Amino acid sequence: MTMSIAELAQAREVVTQIFDALDLDAYLFEVEPCDDRWEIKLECAVAEGWETVRLSAAKENLLRGVDDAAARQLLLDDWRKALSACLTKSLEQ
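Residues numbered from 1 in each chain as written. Predicted model: local features only at pLDDT ≥ 70, side-chain atom pairs only at ≥ 80, totals over all residues. Heavy atoms only, no water.

Trainee: Looking at this structure, how should I read the overall build of the protein chain?
Mentor: Along the protein chain, the regular secondary structure elements total three helices and three strands. Each helix and strand of the protein chain, placed in order from N terminus to C terminus, yields the pattern α-β-β-β-α-α. Against the compact-globule benchmark of 12 Å for 93 residues, the protein chain has a radius of gyration of 13 Å, which places it among compact chains. Considered along the principal axes of its C-alpha atoms, the protein chain spans approximately 45 × 25 × 20 Å. The long-range fraction of contacts in the protein chain, counting pairs at least 24 apart against all pairs at least 6 apart in sequence, stands at 47%. With the model as given, the accessible surface of the protein chain reaches about 5,600 Å², and the carbon-plus-sulfur share is 50%. Positive and negative side-chain charges of the protein chain, numbering 10 and 19 respectively, have mean locations separated by a distance of 2 Å. (Helix = DSSP H or I, 4+ residues; strand = E, 2+ residues; numbered from the N terminus. Rg over C-alpha atoms; globule rule 2.2 N^0.38 Å. Contact = heavy atoms within 4.5 Å. Areas by Shrake-Rupley, 256 points an atom, 1.4 Å probe, with all protein chains shown as cover. Lys, Arg positive; Asp, Glu negative; His and termini not counted. Charge placed at Lys NZ, Arg CZ, Asp CG, Glu CD.)

Next comes the structure, spelled out in structure tokens:
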């Protein structure tokens, strides 16, 4: 598996854009390259504290998502349900 620092930075930027679009309140994440599918390990605030969620995405979709709004939207739509327990800023008390 060949991965450059630039590719990892691009993937992190796309993931950040998606999590911001979902309006997540508090979160930490890591992008873990794994051949064609990359894993995103997210820790997000939930009502009971924190929850760990593992997401997956094709490397090509993550890298295209920097300049391609449609690719970002596909990832957002794919991850929205998995992240439904995460608190959003609009739910802050």
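Trainee: Sorry, what's going on with the state of the cysteines here?
Mentor: In protein chemistry, a disulfide is the covalent bond that joins the sulfur atoms of two cysteines. The tally for this structure, following the rule as stated, stands at one disulfide. Between the sulfur atoms of Cys44 and its disulfide mate Cys86 the distance is 1.9 Å. Since a negative S-S torsion denotes a left-handed disulfide, the Cys44-Cys86 link at about -70° is left-handed. Within this pair, whereas Cys44 is found in strand 2 (residues 37-46), its partner Cys86 is found in the segment after helix 3 (69-80), the two being separated by 42 residues in sequence. Exposure class is identical for Cys44 and Cys86. Each is buried. (Disulfide = S-S within 2.5 Å. Buried < 20%, exposed > 50% of the residue type's maximum accessible area, 1.4 Å probe, protein only.)

Trainee: What am I meant to see in the sheet that holds strand 3 (residues 49-58) here?
Mentor: Strand pairs in the sheet, formed through backbone hydrogen bonds, run parallel or antiparallel to each other. Strand order across the open sheet formed by three strands is 1-2-3, with antiparallel pairing between neighbours. The open sheet has two edge strands with one neighbour each: strand 1 (27-32) and strand 3. Neighbour-to-neighbour, the strand axes of this sheet turn through a mean angle of 15°, independent of strand direction. Two elements, strand 2 and strand 3, share ten bridges in a ladder whose sense is antiparallel. Bridging from a neighbouring strand, Leu42 pairs with Val53 of strand 3. Contacting strand 1, strand 2 and strand 3, helix 1 (residues 5-21) runs over the sheet at an angle of about 145° to strand 1. Packing of helix 3 onto the sheet brings it into contact with strand 2 and strand 3, and relative to strand 3 it is tilted by some 135°. (Pairing = 2+ DSSP bridges. Axes fitted to C-alpha atoms, helices over the stretch in contact; angles between N-to-C directions.)

Trainee: So what exactly am I meant to see when it comes to the packing of aromatic side chains here?
Mentor: The geometry of an aromatic ring pair is captured by two quantities: the separation of the ring centres and the angle between the planes. All told, the structure shown has four aromatic pairs when counted by the stated rule. Ring plane angle 85° and centroid distance 5.5 Å describe the contact between Phe19 and Phe29, whose orientation is recorded as edge-to-face. Of this pair, Phe19 sits in helix 1 while Phe29 sits in strand 1, placing them ten residues apart in sequence. Side by side, Phe19 and Phe29 carry an identical accessibility label, which is buried. Taken together, Phe19, Tyr27, Phe29 and Trp79 form an aromatic cluster joined through their ring pairs. The ring of Phe29 has Arg12 lying over it, and the distance from NZ or CZ to the ring centre is 4.4 Å. (Phe/Tyr/Trp six-rings, centres within 6.5 Å; stacked < 30°, edge-to-face > 60°. Lys NZ or Arg CZ within 6 Å of the ring centre and 35° of its normal.)

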